[in-house]
Amino acid sequence: MKIILMTGGTSGLGAYALGQLTKSPGTRLLLGARGAGTAGVETYPLDLARLDSVRSFAAAVRDRLGSTEVDALVLNAGVSLTSGDERTVDGFETTFAVNHLAHYLLLRLLLPQLASGAVVALTTSGTHDPAVRTMLSSTPPHHADARLLANPERDPQRDEQARVAGGRAYASSKLCNILTVRGLAAQPEASRLRIVALDPGPTPGTGLLRNTPPPVRLIWRFGTPLRALMPRFNTVAAAGGALADIASGRTVPPIGAYYARLVRGQLTWTSPSELARRDDVRDRLWRDSAELVGLPVTL
């Protein structure tokens, strides 16, 4: 029996991926979600905007599984806000807290439960890379300083315009996802894992822009017209299928590869941004994230 644990499986490409995985014989699916789950999937309460909820979820999974190991950990949930002004109950900027910090904590808590050869997949975004043309090309990350991203009011480079701040917070959190993949891979204990960061590309039809003004939200939600005008946009089926294939092990990264981009429906293995490849940035983010969630730096 293959055990796959997932966040972000209730809508969009995550829901499609979850649906594909439910069709795989001999697969047991565990989902963390704020609301109701899917038939045939074991669902546990998880609010990524609350670190205590992340800890409770991890404890519930460990209690439920006992000594049974997890074969894939898929960290797909994410949020995109129209400003950088919202804060979680823990006091951190919400986009950074949900997209990066909560998943970092969950990954660290569940690492001992992962089987040898287990897949760890994080969903990232091309918005982290200034060289990739995206809807947020004008707001690439300034840095990956966890303390400043968690508390942007302290950042000397803080954007004053809410829309700009929101876009940069999202892009920065996605940079942190890739750096987390690299940070995990740098740990000696992680040599037994298969670790991947997936950029599904622009995928209309998901709920990613649910916090934008109604006209934008409506157009994005019903994405077929957008794909007709913009062939570079991917379908939910293509993006969700790519995620399901990575999680199930049907897609295996080439040796040394860890970053996959879905380009016009085709999965490509490439390099992330220059900032994402810097080891000093990787190591500092790992260390500071550990301290922010109250964990030791080393595994």
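First, a word on what this report is: a plain description of the structure on this page. Model, not experiment: these values are computed from the prediction.

## Thoughts on the overall build of the protein chain
1) Next: Of the regular secondary structure elements, the protein chain holds 9 helices and 8 strands.
2) Next: Buried residues in the protein chain amount to 54% of all 299 residues.
3) Next: Looking at the protein chain alone, contacts between residues at least 24 apart form 72% of all its contacts between residues at least 6 apart.

## Topic: the packing of aromatic side chains
1) Next: Across all of its chains, the model carries 2 aromatic pairs by this definition.
2) Next: Taking 6.4 Å as the distance between ring centres and 70° as the angle between the ring planes, the aromatic pair formed by tyrosine 44 and phenylalanine 57 counts as edge-to-face. Pair noted here: tyrosine 44 is in strand 3 (residues 42-45) and phenylalanine 57 is in helix 2 (residues 51-65), with a separation of 13 residues, a long-range link. Per residue, the accessibility class of tyrosine 44 equals that of phenylalanine 57, and both read buried.

## Here we look at helix 1 (residues 12-22)
Every α-helix winds through 3.6 residues per turn, so residues three or four apart in the chain are directed the same way.
1) Next: Residues of helix 1 that are buried include every one of Gly12, Leu13, Gly14, Ala17, Leu18 and Leu21, and no others.
2) Next: In this fold, the buried residues of helix 1 make contact with strand 1 (2-7), strand 2 (27-33) and helix 8 (236-248).

## Thoughts on the packing of helix 1 against helix 8
When two helices pack together, you describe them by how their axes are tilted relative to each other and by the distance separating the axes.
1) Next: As a packed pair, helix 1 and helix 8 sit with axes 7 Å apart at the nearest point and diverge in direction by 50°. Between helix 1 and helix 8, the interaxial angle falls into the category oblique. Once helix 1 is placed against helix 8, the crossing between them reads as right-handed. Where helix 1 approaches helix 8, its residues Gly12, Leu13, Tyr16, Ala17, Gln20 and Leu21 are matched on the opposing element by Val236, Ala237, Ala239, Gly240, Gly241, Leu243, Ala244, Ala247 and Ser248.
2) Next: For the contact of helix 1 with helix 8, the per-class residue count stands at 10 nonpolar, 5 polar and no charged.

## As for helix 5 (residues 162-185)
1) Next: With 24 residues, helix 5 ought to run about 34 Å at 1.5 Å a step, and its terminal C-alpha atoms sit 35 Å apart, in line with that.
2) Next: Among the 24 residues in helix 5, 21 count as buried, and that is most of the element.

## Side note on empty space enclosed by the protein
1) Next: This model, assessed by the stated rule, comprises 1 cavity of 30 Å³ or more.
2) Next: By volume, the largest cavity amounts to about 220 Å³.
3) Next: Around the largest cavity, the lining is made up of 16 residues, and of these Leu149, Pro152, Asp155, Ala165 and Ala169 lie nearest the centre.
4) Next: Of all the secondary structure elements, the ones that give two or more residues to the lining of the largest cavity are helix 4 (146-150) and helix 5.
5) Next: Take the lining of the largest cavity: its biggest share by element is 4 residues, from helix 5.
6) Next: Of the residues assigned to the lining of the largest cavity, the class counts are 6 nonpolar, 5 polar and 5 charged.

## Side note on unusual backbone geometry
1) Next: A positive phi angle is found at arginine 264, which is not glycine, with a value near 50°.
2) Next: Looking at the secondary structure, you find arginine 264 in the loop between strand 7 (259-263) and strand 8 (266-269).
3) Next: Residue class for arginine 264 comes out exposed when judged on its relative accessible area of 55%.

## Things to note about the pattern of salt bridges
When the charged atoms of two side chains lie near each other, side chains of opposite charge can form a pair.
1) Next: Within this structure, the stated rule accounts for 17 salt bridges.
2) Next: Across the salt bridge formed by arginine 50 and aspartate 52, the nearest N and O atoms sit 3.4 Å from each other.
3) Next: For arginine 50, a relative accessible area of 33% corresponds to the partly exposed category.
4) Next: We classify aspartate 52 as partly exposed; its relative accessible area is 38%.
5) Next: We note a salt bridge from aspartate 280 to arginine 278, for which the minimum N-O separation is 2.7 Å.
6) Next: Among the ionic contacts, a cluster of salt bridges with common partners joins Asp145, Arg147, Arg284, Arg287, Asp288 and Glu291.

## Some remarks on the nonpolar core
1) Next: Judged by nonpolar contacts, the single largest core of 56 residues is most densely connected at Leu5, Phe96, Leu114, Val120, Leu184 and Leu193.
2) Next: Every residue in contact with valine 120, bar those within four places of it in the chain, is listed here: Leu73, Leu107, Leu114, Leu184, Leu193, Arg194, Ile195 and Val196.
3) Next: By size, the runner-up hydrophobic cluster in this structure holds 25 residues, among which are Ala17, Leu21, Ala247 and Leu262.

Cut-offs applied
- Residues numbered from 1 in each chain as written.
- Predicted model: local features only at pLDDT ≥ 70, side-chain atom pairs only at ≥ 80, totals over all residues.
- Heavy atoms only, no water.
- Helix = DSSP H or I, 4+ residues; strand = E, 2+ residues; numbered from the N terminus.
- Buried < 20%, exposed > 50% of the residue type's maximum accessible area, 1.4 Å probe, protein only.
- Contact = heavy atoms within 4.5 Å.
- Phe/Tyr/Trp six-rings, centres within 6.5 Å; stacked < 30°, edge-to-face > 60°.
- Axes fitted to C-alpha atoms, helices over the stretch in contact; angles between N-to-C directions.
- Parallel < 35°, antiparallel > 145°, perpendicular 65-115°, else oblique.
- Left-handed = near helix turned anticlockwise from the far one by under 90°.
- Nonpolar A, V, L, I, M, F, W, Y, C, P; charged D, E, K, R; others polar.
- Expected span 1.5 Å × (residues − 1).
- 1 Å grid on protein atoms, 1.4 Å probe; cavity = no way out; pocket = protein on both sides within 12 Å on 5 of 7 lines; lining within 4 Å.
- Points joined across faces, edges and corners; volume = space filled by probe spheres on them.
- Salt bridge = Lys/Arg side-chain N within 4 Å of Asp/Glu carboxyl O.
- Core = buried A, V, L, I, M, F, W, Y, C linked by side-chain atoms within 4.5 Å.

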